[in-house]
Amino acid sequence: MTSRSPLRSQIKEAWRQSITDDYVAQRINSERSLQASVWSHLNGLLPSATRRMFIEPRMSVTGKDRQVRYPDIVVCNSRAVIGVIELKYQPRAQPSWRKDIETFNWIATSKTLITVSNVRFRGKSADVQTYPLTKDVLYVWAGVHAECNLHLVNFVGAELAPCFMELHAETRHSGTPRLR
């Protein structure tokens with residue numbers, strides 16, 4: 001069985017809604033608007049009492065080779081990070097994906113050293129919490145791009161493959177995107 005089946009289904013549905021409702025209606029014109037659309041649809045599908053999402057949270061590992069990443073969307077349950085989503089919006093081009101796969105690999109190999117926090121900079125502190133990464137984090141790459149025969153699962157490596165999902169909206173010159 002694959003990792004995080006309910007979350008996989010919810011992300012797939014949010015992606016479908018973002019493309020069929022928002023992209024087709026020309027409401028998405030950038031990676032930021034794609035991010036907002038996916039977040040909004042996913043927020044409507046996730047159980048609000050037990051799920052929290054962060055947009056571009058800072059993930060870092062301190063030490064000699066300090067590195068920082070900002071994934072597009074991170075999904076948490078009440079205790080830990082359960083999903084990391086990277087988005088691409090390149091409707092007229094082949095998608096660039098190498099940096100995103102490198103980010104997933106970096107997170108996967110450093111996950112015991114990374115946490116995400118919801119500390120506010122100003123305002124009333126409510127439910128301040130630090131979220132470690134679970135051992136079975138779901139890594140999702142989702143892109144709007146020109147038609148191609150790209151299968152990123154071939155590039156993620158054996159350790160990441162069971163926890164990886166890719167979603168494509170392949171654009172065509174005259175027609176709606178093909179979801180796969």
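This text follows the structure it describes.
Residues numbered from 1 in each chain as written. Predicted model: local features only at pLDDT ≥ 70, side-chain atom pairs only at ≥ 80, totals over all residues. Heavy atoms only, no water.

### Quick look at the layout of surface pockets
Of the voids in this model, the largest pocket is the one considered here, and its volume is about 310 Å³. Looking at the largest pocket, it is lined by 13 residues, and the ones nearest its centre are Y23, Y89, P91, R92 and T171. Listing elements by their share of the lining of the largest pocket, those giving two or more residues are strand 8 (164–172) and strand 9 (175–179). Tallying contributions element by element places strand 9 first for the lining of the largest pocket, with three residues. (1 Å grid on protein atoms, 1.4 Å probe; cavity = no way out; pocket = protein on both sides within 12 Å on 5 of 7 lines; lining within 4 Å. Points joined across faces, edges and corners; volume = space filled by probe spheres on them. Helix = DSSP H or I, 4+ residues; strand = E, 2+ residues; numbered from the N terminus.)

### Regarding the state of the cysteines
Considering all chains together, one arrives at zero disulfides under this definition. Here C76 is not cross-linked by a disulfide; its sulfur's nearest cysteine counterpart is in C163, at 16 Å. We classify C163 as buried; its relative accessible area is 14%. (Disulfide = S-S within 2.5 Å. Buried < 20%, exposed > 50% of the residue type's maximum accessible area, 1.4 Å probe, protein only.)

### Re empty space enclosed by the protein
Evaluation of the coordinates by the stated rule reveals one cavity of 30 Å³ or more. The calculated volume of the largest cavity comes to roughly 30 Å³. Surrounding the largest cavity, I11, W15, V38, I85, L87, A142 and L167 form its lining. Of all the elements in the fold, those that place two or more residues in the lining of the largest cavity are helix 1 (5–23) and strand 5 (81–90). For the lining of the largest cavity, the residue count by class is seven nonpolar, no polar and no charged. (Nonpolar A, V, L, I, M, F, W, Y, C, P; charged D, E, K, R; others polar.)

### Digging into the nonpolar core
Core analysis: the largest hydrophobic core is formed by 27 residues, its most contacted members being M59, V81, V84, F104, I107, Y139 and F164. Residue assignment for this core shows that the elements contributing at least two residues are strand 2 (59–61), strand 4 (73–76), strand 5, helix 3 (98–110) and strand 7 (130–146). Not counting the four nearest positions on each side in its chain, V81 is found in contact with V74, V75, C76, V116, Y131, P132, L133, T134 and V137. Core analysis: the second largest hydrophobic core is formed by 25 residues, I11, Y23, I73 and I85 among them. (Core = buried A, V, L, I, M, F, W, Y, C linked by side-chain atoms within 4.5 Å. Contact = heavy atoms within 4.5 Å.)

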